[in-house]
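# Chain and residue survey
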Amino acid sequence: MAKIIIDGKEWEFEEGMNLFEACTIARGGEKLPHFCYHPGLPVAGVCRMCQVEIEGVPKLQIACNSTVRDGMVVNTRSERVENTVRQILEFHLLNHPVDCPICDQVGECALQDQYMKYGLYETDVDVGDKVMKHKAQAIGEHVMLDAERCVLCSRCVRFTEHITKTNEMGIFNRGNHSEVGVAPGLSLDNDYSMCVVDLCPVGALTSRDFRFRKRVYRLSSVDSVCPGCATGCNMRIEYADGVIYRQKPRTNLAVNEYWMCDQGRLLYKHVGGDDRLEEPFVREDGELSPVGWDHLWSALKARWEGLGESRRLVLVGSPHATLEELYGLKSLLADAAGGRVLGHRLDGTEMDRDDGFLMAADRTPNDQGARRLGYEAFTASELHDAGGEDALLVILDNDLAGLDEAAAEALGSYGAVAYLGWRENATSRVADFVLPGLSYAEKDGVFVNKDGRAQRFFKAVDGPRQAREDWRLIAELGEIFGHTPTWRAHHDLLSELSARLDAFGALAGGIGEEGTLLDGDSAAKEVERG
Amino acid sequence: MSDFPKILLDNVGVENSHTLQVYRSRGGYKSAEKTLKTMKPEEVVGVVKDSGLRGRGGAGFPTGVKWGFVPQNSGKPVYLLVNADESEPGTFKDRDILDHDPHKMIEGIIIASYAVNCHDAFIYIRGEYGWIVKRVQKAVDEAYEAGLLGKDILGTGFDLEVIVHQGAGAYICGEETGLINSLEGKKGQPRIKPPFPAVVGFLDSPTVVNNVETIASLPWILEHGADAYRGIGTEKSPGTKLFSLSGPVKRPGVYELPLGTPLRELIFGEEYGQGMLPGIELKACIPGGSSVPVLTAEETMAAKLDYESLAEMGTMLGSGGCIVIGDDASMPEVLKVLLQFYHHESCGQCTPCREGTGWLDTILERMLAGKGRPGDLDLIERVCQNMAGLTICVLSDAAVMPTRSFIAKFRDEFAALLPKDEEPEEFVPIARSAEDRS
Amino acid sequence: MKQDTELPKDPEQGKVESPAEEPSAEPSFAFSPEREAKFQEIVRRYPTSFSAIMPTLWLCQAEWGWLKPGIPEWVAERLEVPVRRVYELISFYTMFYTENPGKYNLQVCRNISCHLMGAQNIIDHIKKKLGIEVGQTSADGMWRLEEVECLGACGYGPVMQVGDRYYEHLTIEKVDALIEEWSKSE
């Protein structure tokens, strides 16, 4: 450990730690002014904003390329530092159009923040003397570039060079004609392209999906976890007035670091998508008709009872469902009500290529949670064999019919099918009862990612008026089958399962910011990965 | 100057001096042979340290000390990069060695490589010197054929590969880390330090970058010893140095002089510049390449050409590119030429330099176009202040030094470009606080 | 001096260029046998393929005079390096040409020592004589005039570079004679 003094106060940090990071801690979380430094990228040291005074060193030094040494005395707030930063900021603004009112970055622009702070409202440069560059070019399916707003921090270039290694972007020409862009003939279409929008400290790179849809200062944000695959990238859902506007990665060094894929980022579109199940449906005279909840429950109860003395309950869970829902389904409908759990997924489905970065082969978010609860994969023929005229099949958010033709046929062998889910699909279309639930953005829950890390996500927006929380629907189903759940509130589910099941003992003390690893095996894996 | 041995230009002027045959007939490669056969690498480093040889590219850092920074047994190869990217305005000295005595440089490369345990050397020649690239390549080929390069040099078991590399037009590649990046196939943008190239340089390996003239001084030093070299020049600036003399003098050219020689000797000496062209009086002189502060005529007459004396006068020896300015020249116009150069050559990565060089150029252009504004000179000074010492490399400072000194020493000429009806006012910061505005 | 390399612009906002969909008339390139051998030597001797980009570009300019469309891609493919690295280099260094620099590219040094010796007069004279501006190539592709930065011939100014050669101690008469000679060489 090294003892160092920052702004007059003594601190202990690891010798060799990045000084920028040390200063952030010493400044109570307030980062030094900066554009180019990013903890997830190699240091560039070009914006020159994070200047600090180090005693014994005549010139000011950039903190991002300095390391903590024992005995160091650092000043981040001296007049000399402040003056210098103000002057460098002036250079940054020199060829910048300062067109904030028509720029979509307003509210989350590092340049704007700094010049408001330093009060640099006017310039000695005539507009006609500014260097003109390309405006508003679409450089990829998801990203727009305004080169005049660029401060040439090179984050996007470093990202595409070192993180995705796709090398689409570069800085071309030199001096004050330097211009960021994609190389001729290329476009920025890698699977992580929108990360450059997050990285861009100014309004040069903006999301084609998000731009001009909402001023960012009108957005609220909630912590969430991407449901797109088994990696479970941490993210924030940003919304306003009940509408989601964008999803952005949330830093979790143990999972996704600072990044997420475009696919996951754009999943929110399904939340308000045309295929939302917005009302309960019951099949009457061969047609699915929208009905009220009371109608659905009584029809379902009648149908259940009509299946005769030998009636049975067959349950299909889902790797898309939350840990709480899966526990509820199993503990209430299987263990208490005697239903048979077939499993949580059709064997071999919803797998794609592992891209070696964040996109996992398993495109479901909670396979590991389901397996730890005792769910297993099953085949279409097992689905068929479990059927019969006396069987009621309850499917939780799992498009069996859409995933496999044989499974679709197998559904026909059941006396009745009830589907709980939030999107219309091939399975909901053949079901007899459709119970509209909520999407990941409309409820709280826990997913266990591929490394066995349990991660919480939270509700951002309300679901459709008639949709219900899935765990409540499961509880209602319990009532139909004659069993009242032991849990009254959603959080009871998590406390109960962590108390009752050894596999989830680690969750008894709550789930940490970076999630909680469920078993030592994965913890070891993590160390290797790190 | 009276008596001193020619160390660098002894072969220049000899017919076919660029050929191996002529170079050898004049004793060439004997020093390298003796070094490789009779000395240990650390002894070579010792001699060079003792000789007091300082880098001739412009910074003047002691060569032996620089070599001493190279870690041995780092498990990585050591590279020697010879900086022949001569592009400091007013400097055309390395060209004489490259063109007329390339074997002297090659011999120096063998010695330096041996000293730092390098087996792969590159000669990075500026792109514009196309014919010199060919000339040097030919000399390298000759050396390979004669067993002076390649495997088992002169039967000593020492191996050395040399690649001649052609730049492609970028002043900044003369900065050693810019050169390293360029050689790695990147834009020639200087690297942040630390790490320093001696430890993490070309391909992340220990790397020594030495100027052509520095390298070409080695054969003589190793042949005659450190003391002999110290016997020339001054105590702190030993040896001889090449000076490039340009501007309106009778005999411009490249001259070898002991360090410490009076600047007026270079400009006015019978054997050297022979004074100003008829009808032109000395007005100013930039003694060390365009990036160093200018001297007035009076200062020029008093200056001595060594690192310390020039530093005392507030300027630098730099590359030894001595640019003489006559009384027919307009100082603002000359400065404009330089600022346009730095503007054009800024690599663009550090904001103060990228924006500052362009801004200075724009302000002076405006002044020369008769559109100067009161306060412009103060604005220039403020921009200079904000550019100096805040960037990865010194190109920013290189633009600032001539700018400040031109304006300080020839202020009247600049002030004459500003509107006459208004008194130049004290600079008032335009930036206002948020409160003022609301 | 060379114009900034023009990056492709998207004329229509919001529309992505998708080069993959355009019918690709990829020109194919091949070095002469000697240059191919030279290329192989470069690849063999340089420690990384990135290091070999610059010498390969020089080889291309020797072969085709300038870096015609398709050459950067071809170089990237042959060296197995990302094409953006090739484009970055081309745009950074002034001596790589993505447009035809003309048969005689008169590159007159405008820097300090040449300036002091009257470089501007030489430039003005060439402009008038050839009817072209700085940075312009004549309509017939014969001439181009460029102002360049210090060529390292400061004691011998004014100086201009044409191809691999320097022409030093320029006077207006000397320039006239050279242009006349080159005109005849056509």
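As the structure is a computational prediction, the values presented were derived from the model and not from experiment.

## Re the overall build of chain A
- Scanning chain A from N- to C-terminus turns up 17 helices and 25 strands.
- Dimensions of chain A, computed from C-alpha atoms along their principal axes, come out at roughly 90 × 50 × 35 Å.
- A buried classification covers 53% of the 530 residues belonging to chain A.
- Residue pairs at least 24 apart in sequence account for 66% of intrachain contacts in chain A once pairs closer than 6 positions are excluded.

## Examining the sheet that holds strand β15 (residues 287-290) of chain A
Residue and element names in this part refer to chain A.
- With mixed pairing, seven strands are arranged side by side in an open sheet as β15-β14-β22-β21-β20-β16-β17. With partners counted over all chains shown, the strands left at the sheet margins are β15 and β17 (340-343), one partner each. Direction aside, the axes of adjacent strands within the sheet are offset by 20° on average.
- Bridge count for strand β20 (residues 388-396) against strand β21 (residues 414-421) is six bridges, and the pairing is parallel. In the sheet register, Leu392 faces β21, and the bridge partner there is Ala416.
- Along the sheet, helix α9 (residues 323-336) contacts β16 (312-316), β17 and β20; its crossing angle with β16, the most-contacted strand, is approximately 165°.

## Regarding the domain arrangement of chain A
- Here chain A is partitioned into domain 1 (2-92), domain 2 (127-271) and domain 3 (281-448 + 459-492).
- Relative to domain 3 of chain A, the C-alpha centre of domain 1 of chain A lies at a distance of 54 Å.

## Considering the interface of chain C and chain B
- Chain C puts 37 residues into the contact, and the matching count from chain B is 45 residues.
- At the level of secondary structure, the elements contributing two or more residues to the side of chain C that touches chain B comprise α2 (53-64), α4 (83-92) and α5 (112-116) of chain C.
- Among the residues forming the side of chain C that touches chain B, the class breakdown is 20 nonpolar, 10 polar and seven charged.

## Regarding unusual backbone geometry
- That bond from Lys193(B) to Pro194(B) is cis: its omega, 0°, falls within 30 degrees of zero.
- Along the chain, Pro194(B) falls in the loop between α8 (176-183) and β5 (207-211).
- A cis amide bond, omega -5°, links Gly157(C) with the succeeding residue Pro158(C).
- Within the fold, Pro158(C) resides in the loop between β3 (143-148) and β4 (160-162).
- Residue Val98(A) is not a glycine yet carries a positive backbone phi of 45°.
- Within the secondary structure layout, Val98(A) lies in the loop between α2 (79-94) and α3 (110-118).
- Residue classification places Val98(A) among the partly exposed positions, given that 19 C-beta atoms sit within 10 Å.
- The residue Glu257(A) is not glycine, and still its phi comes out positive at about 50°.
- Inspection of the secondary structure puts Glu257(A) in the loop between β13 (243-249) and α6 (262-265).

## Looking at the domain arrangement of chain B
All names here are of chain B.
- The domains assigned to chain B are domain 1 (20-230), domain 2 (240-326) and domain 3 (331-415).
- The centre of domain 1, based on its C-alpha atoms, is set 34 Å off from the matching centre of domain 3.
- In this assembly, 10 residues from domain 1 lie in contact with seven residues from domain 3.
- Here the residues of the side of domain 1 that touches domain 3 are counted per class, giving five nonpolar, three polar and two charged.

## Focus: the nonpolar core
- Among the nonpolar cores identified, the biggest contains 343 residues, and Ala418(A), Leu81(B) and Val82(B) are the most heavily contacted of them.
- No other element matches the nine residues that helix α6 (residues 102-116) of chain B contributes to this core.
- Not counting chain neighbours up to four residues away, the residues in contact with Val82(B) comprise Met105(B), Ile109(B), Ala121(B), Phe122(B), Ile123(B), Tyr124(B), Asn210(B), Val212(B) and Ile215(B).

## Looking at the packing of α2(A) against helix α15 (residues 351-371) of chain B
- Contact geometry of α2(A) with α15(B) gives a least axis separation of 9 Å together with a crossing angle of 65°. Where α2(A) crosses over α15(B), the handedness of that crossing is left-handed. For the pair α2(A) and α15(B), the contacting residues are Ile88(A), Phe91(A), His92(A) and Leu94(A) in the first and Thr351(B), Pro352(B), Glu355(B), Gly356(B) and Trp359(B) in the second.
- Of the residues contributing to the contact of α2(A) with α15(B), the split by class is five nonpolar, three polar and one charged.

## Let's talk about the confidence of the model for chain B
All names here are of chain B.
- Averaged over all residues, the pLDDT of chain B equals 94, while 95% of them reach at least 70.
- When the criterion is pLDDT under 50, residues 428-438 qualifies, and its contacts beyond four places in sequence or with other chains add up to 12 contacts.
- Among the prediction metrics, the complex's ipTM stands at 0.92, with pTM recorded as 0.92.

## Remarks on the environment of Ile511(A)
All names here are of chain A.
- Relative to the assigned elements, Ile511 resides in the loop between α16 (490-500) and β25 (516-517).
- Classification of Ile511 as partly exposed rests on a count of 16 C-beta atoms within 10 Å.
- For Ile511 and Glu12, which are 499 residues apart along the polypeptide, the C-alpha to C-alpha distance reads 29 Å.
- Once you skip the residues sitting within four places of it in the chain, Ile511 turns out to touch Val446, Ala454, Gln455, Arg456 and Thr516.

Rules behind the numbers
- Residues numbered from 1 in each chain as written.
- Chains lettered and ligands numbered in written order.
- Predicted model: local features only at pLDDT ≥ 70, side-chain atom pairs only at ≥ 80, totals over all residues.
- Helix = DSSP H or I, 4+ residues; strand = E, 2+ residues; numbered from the N terminus.
- Buried ≥ 20, exposed ≤ 12 C-beta atoms within 10 Å, placed from the backbone.
- Contact = placed C-beta atoms within 7 Å.
- Pairing = 2+ DSSP bridges.
- Axes fitted to C-alpha atoms, helices over the stretch in contact; angles between N-to-C directions.
- Domains from an automatic or database assignment.
- Nonpolar A, V, L, I, M, F, W, Y, C, P; charged D, E, K, R; others polar.
- Core = buried A, V, L, I, M, F, W, Y, C linked by C-beta atoms within 7 Å.
- Left-handed = near helix turned anticlockwise from the far one by under 90°.
- pLDDT = per-residue confidence, 0-100.

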